[in-house]
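Here's the letter readout for the chains.
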Amino acid sequence: MPQPTPTARADEIAKFDALAARWWDPSGPMAPLHRMNPLRTEWIGRRLAAAEGRPGANLAGLSVLDIGCGAGLASEALARMGAQVTGLDAAAAALEAARAHAAAEGLSIDYREGMPEDLAAEGRHFDAVVALEVIEHVADRPAFLAALAGLVKPGGLVFLSTLNRTPRSFLLAKVGAEYILRLLPRGTHDWKMFVTPAELGAEARRAGLRVTDIAGMSPVQGGRDWRESRDVSVNYLAALRRD
C-alpha cells in the first residue's frame, strides 16, 4: 500500500526543537504562546464541553489529541480540565521538556513522538483533535487536514488556531513580532504559509470537516493578554466538526 505523504517539514521540526530548553520560560522565546494560551484553551474547552452537553469547560474523561504539542502548554491546560490528553510532536527535545514538566506538575499526559499520519495508521480515534499554531508550518495542508479528520471520531471536533494571510498579519505577526518588537525568534513564521479562513474552510470540506465556529484573537495591554474578538485579520481560532 502507498505510504501517506509526511505532513511535517524537517526544518520546522528542528526550529522548534531548538527552543525546547526555554519553552516553559514565560519570558522566553515562547512568551507569546504563554500569553495567548489561556484564551485558546478556554475557547476550546467551552466549545468541546458544550458539544457534549456539559457546563463550563468540563472535559472529564474525554480523549483529546494535541498535535504539534511542543513542550505541552495546551496539553497541560486541557489535562487540568479533565481531558485524557495525548500530545503528539515530531520534535524529540520538546517532548522531553513536556514529559519533565508534566511529571513535575503531577499530570498524566501521554506524549508521543511522531506525526498525525502515524497515529492514523494505527486506527486511533479521539473525541477531539487540537492543532494550535501548527497548520501554517506543515508541508501539505490538505493532507494534514485529512489526517486530522481521520483521527477524530465521527461527529467529533477539530480545533485549530493559526494566522490569516493578510497585509496586516505580515506587518504585525511577521515584521512587527519578529524584527521590530522581537517577540519571536526571526524566521519563526513564513507569511506565505499563513492560511485565510476561506482557504481553510474549502480545504477542510474536502477533508470531511465543516467549520462550525471561528473567532479572532486580539492582543490587549501591549500583547500581555489576549481576548476573543471578531477581528480575524491576524490570529484566529476555528472549530470544525467531522461529518
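Everything that follows concerns the structure shown earlier in this document.
Nothing here was measured: the structure is a model prediction, and the numbers come from that model. (Residues numbered from 1 in each chain as written. Predicted model: local features only at pLDDT ≥ 70, side-chain atom pairs only at ≥ 80, totals over all residues. Heavy atoms only, no water.)

## A short note on the overall build of the protein
Which entries qualify depends on this criterion: Helix and strand definitions here come from DSSP, where helices need a minimum of 4 consecutive H or I residues and strands a minimum of 2 consecutive E residues; each element is numbered from the N-terminal end. Only protein chains enter the accessibility calculation, which uses a 1.4 Å probe; a residue is then buried when its area is under 20% of its type maximum, exposed when over 50%, and partly exposed in between. Should any heavy atoms of two residues lie within 4.5 Å, those residues are counted as being in contact. Method for areas: the Shrake-Rupley scheme with a 1.4 Å probe, in which residue coverage is limited to the protein chains shown.
For the protein, the count of helices and strands is eight helices and eight strands. The buried share among the 243 residues of the protein stands at 51%. Excluding contacts between residues fewer than 6 apart, the proportion of contacts in the protein whose partners are at least 24 apart in sequence is 68%. Accessible area for the protein stands at about 10,800 Å²; split by element, carbon and sulfur atoms hold 55% of it.

## Observations regarding a nonpolar patch on the surface
Formally: Residues enter patches when their relative accessible area tops 30% and they take part in no salt bridge; the joining distance is 9 Å for like charges and 5 Å for the nonpolar side chains Val, Leu, Ile, Met, Phe, Trp and Tyr. We count a salt bridge whenever a side-chain nitrogen from Lys or Arg sits within 4 Å of a carboxyl oxygen from Asp or Glu.
Side chains of Phe170, Leu171 and Leu172 sit close together on the surface and give an oily, nonpolar patch of about 290 Å² of accessible area. By secondary structure assignment, the location of Leu172 is in helix α7 (residues 167-180).

## What to know about the nonpolar core
Put simply, the rule is: Take the buried residues of types Ala, Val, Leu, Ile, Met, Phe, Trp, Tyr and Cys, join any two whose side-chain atoms come within 4.5 Å, and each joined set is a nonpolar core.
One finds Leu48, Leu59, Leu78 and Phe159 to be the most contacted residues of the largest nonpolar core, which totals 40 residues. Elements with a contribution of two residues or more to this core: α2 (31-51), α3 (73-80), α4 (92-105), β4 (126-132), β5 (152-163), β6 (209-220) and β8 (235-242). Among the elements that make up this core, the one with the highest residue count is α2 (seven residues). Apart from residues no more than four positions distant in its own chain, Leu78 is found in contact with Thr41, Ile44, Leu59, Val64, Ala83, Val85 and Val130.

## Observations concerning the side chain of Ser233
So the rule is basically this: As used in this structure description, the phrase polar contact means that two N or O atoms lie within 3.5 Å; if the pair is within protein, one of them must be able to donate a hydrogen and the other to accept it, and residues adjacent in sequence are counted only when both atoms belong to side chains.
Of note, Ser233 is situated in the loop between β7 (225-229) and β8. A polar contact is formed between the side chain of Ser233 and the side chain of Arg168, at a distance of 2.8 Å.

## Digging into the sheet that holds β6
For clarity, the threshold we go by: Here, strands pair whenever DSSP counts at least two bridges between them. Inter-axis angles, ranging from 0 to 180 degrees, are taken between N-to-C directions of lines fitted to C-alpha atoms, where helices are fitted over the stretch in contact.
Taken together, the eight strands give an open sheet; going across it, the order is β3-β2-β1-β4-β5-β8-β6-β7, and neighbouring strands pair in mixed fashion. Edge positions in the sheet fall to β3 (110-113) and β7, since each has one partner strand and no second. In this sheet, neighbouring strand axes are inclined to one another by 20 degrees on average, regardless of whether the strands run parallel or antiparallel. The pairing of β6 with β8 spans eight bridges and is antiparallel. In the sheet register, Gly216 faces β8, and the bridge partner there is Tyr236. On top of the sheet, α2 reaches β1 (63-67), β4, β5, β6, β7 and β8; it is set at about 40 degrees to β7, its chief contact.

## What about unusual backbone geometry?
Positive phi outside glycine occurs at Glu133, with the angle close to 55 degrees. With respect to the helices and strands, the residue Glu133 is situated in the loop between β4 and α6 (141-151).

## Description of the side chain of Ser63
For Ser63, the location among the structural elements is in strand β1. Ignoring sequence-local partners within four residues, the contact set of Ser63 consists of Gln84, His125, Phe126, Asp127, Ala128 and Lys153.

## What to know about the packing of α2 against α3
The condition that has to hold: To sort the angles, those under 35 degrees are grouped as roughly parallel, those over 145 as roughly antiparallel, those from 65 to 115 as roughly perpendicular, and the leftovers as oblique. Should the near helix be turned anticlockwise from the far one by less than a right angle, the crossing is termed left-handed; should it be turned clockwise, right-handed.
Direction vectors running N to C along α2 and α3 enclose 40 degrees, while the axes themselves pass 10 Å from each other. On the basis of the axis angle, α2 is oblique to α3. Every pair of crossing elements has a handedness; the one defined by α2 and α3 is right-handed. In contact with Leu33, His34, Asn37, Thr41 and Ile44 of α2, α3 contributes Leu73, Ala74, Ala77 and Leu78.

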